[in-house]
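Residues per chain, in single letters:
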Amino acid sequence: MGMYDEISVPPETKCVKCGEPITGFQSKDGPCELKVLDYSEVDNFYTDCEACGHWNEYVRKRPKPKVPFEDFEIRPNTRTYDL
Ligand SMILES: [Zn+2]
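What counts as what
Residues numbered from 1 in each chain as written. Predicted model: local features only at pLDDT ≥ 70, side-chain atom pairs only at ≥ 80, totals over all residues. Heavy atoms only, no water. Phe/Tyr/Trp six-rings, centres within 6.5 Å; stacked < 30°, edge-to-face > 60°. Core = buried A, V, L, I, M, F, W, Y, C linked by side-chain atoms within 4.5 Å. Buried < 20%, exposed > 50% of the residue type's maximum accessible area, 1.4 Å probe, protein only. Contact = heavy atoms within 4.5 Å. Donors = N, O, S within 2.8 Å, 3.2 Å for Na, K, Ca; no water. Helix = DSSP H or I, 4+ residues; strand = E, 2+ residues; numbered from the N terminus.

Q: If you had to explain the packing of aromatic side chains to someone new, which residues and values would you point to?
A: This structure, assessed with the given rule, holds five aromatic pairs. The rings of Phe 25, Tyr 39, Phe 45 and Tyr 58 are connected pair by pair, giving a single aromatic cluster.

Spelled out as structure tokens, the structure:
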């Protein structure tokens with residue numbers, strides 16, 4: 001049981017206040033299992049700037065587009081049930 005996931009952002013991401021490169025983004029939008037997710041998978045992510053301490057938080061401007069059901073496929077059933 002984790003508390004957040006790490007978020008991968010473009011390497012050129014810079015602090016909005018001082019312009020220094022920033023890393024170490026986190027989010028609670030995902031499974032919160034300390035996974036590394038792409039920023040496009042979550043609606044919100046944030047980090048502190050190591051240089052100036054500014055809180056850099058990003059929120060999605062537009063809702064995530066709905067993916068068609070055809071983009072999913074059935075997974076072969078590997079479970080067995082006792083009935
Ligand atoms: Zn900064």
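Q: Kindly report on the nonpolar core, identifying the contributing residues and their values.
A: Counting residues in each nonpolar core, the largest one holds nine residues, listed as Ile 7, Val 9, Cys 15, Ile 22, Phe 25, Leu 37, Val 42, Phe 45 and Cys 49. Not counting residues within four places of it along the chain, the set of residues in contact with Phe 45 comprises Ile 7, Val 9, Phe 25, Gln 26, Ser 27, Tyr 39, Asn 56, Glu 57 and Tyr 58.

Q: Please set out the coordination of the zinc ion residue by residue, giving values where relevant.
A: Looking at the zinc ion, the protein donor atoms are Cys 15 (SG), Cys 18 (SG), Cys 49 (SG) and Cys 52 (SG), and they sit 2.3 to 2.4 Å from it. Each donor residue of the zinc ion belongs to the same chain, and together they define the spacing C-x2-C-x30-C-x2-C. For Cys 15, a relative accessible area of 4% puts it in the buried group.

Q: Mind laying out the side chain of Thr 13, listing which residues take part and the relevant values?
A: In this structure, Thr 13 sits in the loop between strand E1 (5–8) and strand E2 (26–27). By relative accessible area, which is 13% here, Thr 13 ends up buried. Once residues lying within four places of it in the same chain are set aside, the contact partners of Thr 13 are Glu 20, Pro 21, Ile 22, Phe 25 and Tyr 58.

Q: So what's going on with the environment of Glu 20? Residues and values would help.
A: By the element assignment, Glu 20 lies in the loop between E1 and E2. Residue class for Glu 20 comes out partly exposed when judged on its relative accessible area of 41%. Remark: the alpha-carbon pair of Glu 20 and Ala 51, spanning 31 residues in sequence, is separated by 6.9 Å. Those residues within four positions of Glu 20 in sequence are excluded, and the remaining contacts are Thr 13, Lys 14, Cys 15 and Ala 51.

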